[in-house]
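Reading the structure
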Amino acid sequence: MPKKVLTEKRAARRAAFRYFSISLLISLAVLGSLTALALRTLGAASPGQSSVPSASADPFYLPQEEDNVNLLLAGSRGDGTAPRFYTLLRLDATGGRIPVVSFPPQTVLSLKGAPVTLAEAWARGGARSASDALSEGLGITVHRYALYTRESLISAIDRVGAMEFSLDYSLDHSDGEGKISLEKGRQLVDGVKFYDLMRCPAYPGGEKTRCVMSSRLFAAYANQKLSTVLSSQADFVFEAIVNTVETDLSAADYQARKGALIFLAKLGGSPATDISAEGVWNASGDSYGLTDHSAETLRAVFGGTDPPEPPEE
C-alpha cells in the first residue's frame, strides 16, 4: 500500500480517537453535574452526618419532611412496674439516617415549665407525659410511642431474626430475672440475649454505659435488619409486632412511611447511628442532668432547627 495512503489512515484514526476522547470527557462532566444537582435537591444531612448517597434507591420516591418521625420506645419487665428503658429513635428520610439515643429513667427534662425526670413524667401520665417531657425538654416533637415488655421484645427480635454483635465486656450478673453470663467479643444475639444486654446493671460505668449499650443494640439491629422491609412478608411482620406492644403507631403510619423505609434499605450502608446522652449525676444519684451541648446536639438531630456549637476545648 502507498505510504501516503497509510499516513492518511493513521491521521484519520488519531482524529477519530480525539473526538471520542473529547465526547467521553464531556459526557462525564455532564454526568457529574447531574449528580451534584441531585445531591443538592435531596439536601445535605445535618452537621456531623454524612450526606444522602448520590444514587437514588427508588426513582419514584423523594424524601419528604413529613416522612420524618420521632418514636419513643419504652420498655418494662411486664409485671405492672414502670418502664426502665427509654429509647428515642428517629426515621430521618431527608437526612438518610436513623439516629438512636437511650436515656436513664432519672434524666431531668421539663413538663409544663417544671423540671421532671422521665420516670416522674411517666408516673404522672404514662407514655404521653413522657413523650411531652422529652418534647419540651429537648425542644423537639415526639410523634409516636411504643411500650414493650420483656416478652414482646424477645418475640419481636426472634421473629425478625438474630443479629451479630460485638460485645466490649464480659458480663456476669444474677438477679430475680435470671443469670447473665456473656463473654467479650463477636457473637450471635437473639431476643433473650438482646434483653439481657439492655437490662444488665453490671457494665463498667453503670447506668450511663447501659444506656450507651442499649443505643448501640437498637442501631446495630436496625442496620442489619432494615432490609426486612423489602420482603413480601414485611406488612405481616409489622402487624405481628405491633399487636404485641402498647402503641399509638398505626398501620396508616407504617404505610405512609414504608416508602421512606424502602428508600433507606435500598441505599445500603449503615443509616442507624447510636448517640450518647451525655450528662452528670447529682450527688444522691437520683437525677441525671444532660449537658447543654448534649441537649443541643439531640435537639438538632431529632428535629431542632439550630445546629449545636462545638464543645469548648
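Structural data are supplied above this passage.
So, how was this worked out
Residues numbered from 1 in each chain as written. Predicted model: local features only at pLDDT ≥ 70, side-chain atom pairs only at ≥ 80, totals over all residues. Heavy atoms only, no water. Helix = DSSP H or I, 4+ residues; strand = E, 2+ residues; numbered from the N terminus. Buried < 20%, exposed > 50% of the residue type's maximum accessible area, 1.4 Å probe, protein only. Contact = heavy atoms within 4.5 Å. Pairing = 2+ DSSP bridges. Axes fitted to C-alpha atoms, helices over the stretch in contact; angles between N-to-C directions. Parallel < 35°, antiparallel > 145°, perpendicular 65-115°, else oblique. Nonpolar A, V, L, I, M, F, W, Y, C, P; charged D, E, K, R; others polar.

**Topic: the overall build of the protein**
- When helices and strands are tallied, the protein shows eight helices and 14 strands.
- Buried positions account for 42% of the 313 residues belonging to the protein.
- Put simply, 60% of the contacts in the protein that link residues at least 6 apart link residues at least 24 apart.

**Some words on the sheet that holds strand E2 (residues 85–91)**
- The strand order E11-E6-E1-E2-E3-E12 describes an open sheet built from six strands, whose pairing is mixed. In this open sheet, the two edge strands, each paired with only one partner strand, are strand E11 (246–247) and strand E12 (272–275).
- Pairing of strand E1 (residues 69–76) with strand E6 (residues 144–149), which is carried by six bridges, proceeds in the parallel orientation. Residue pairing for E6: Leu72 is matched across the bridge by Tyr145.

**Things to note about the environment of Ala260**
- If you trace the backbone, Ala260 turns up in helix H7 (residues 251–267).
- Classification of Ala260 by relative accessible area gives buried; the value is 1%.
- Note: C-alpha distance between Ala260 and Gln64 (196 residues apart in sequence) is 8.6 Å.
- Not counting residues up to four positions away in its chain, the partners in contact with Ala260 are Tyr61, Asp67, Leu91 and Ala93.

**Focus: the packing of helix H4 (residues 191–199) against helix H5 (residues 207–225)**
- H5 packs onto H4 with a crossing angle of 150° between their chain directions and a minimal axis gap of 8 Å. Regarding the angle of H4 to H5, the classification is roughly antiparallel. Note on element contacts: H5 touches H4 through Arg210, Met213, Ser214, Leu217, Phe218 and Tyr221, opposite Phe194, Leu197, Met198 and Arg199.
- For the contact of H4 with H5, the residue count by class is seven nonpolar, one polar and two charged.

Purely geometric stuff here, so don't read any function into it on its own.
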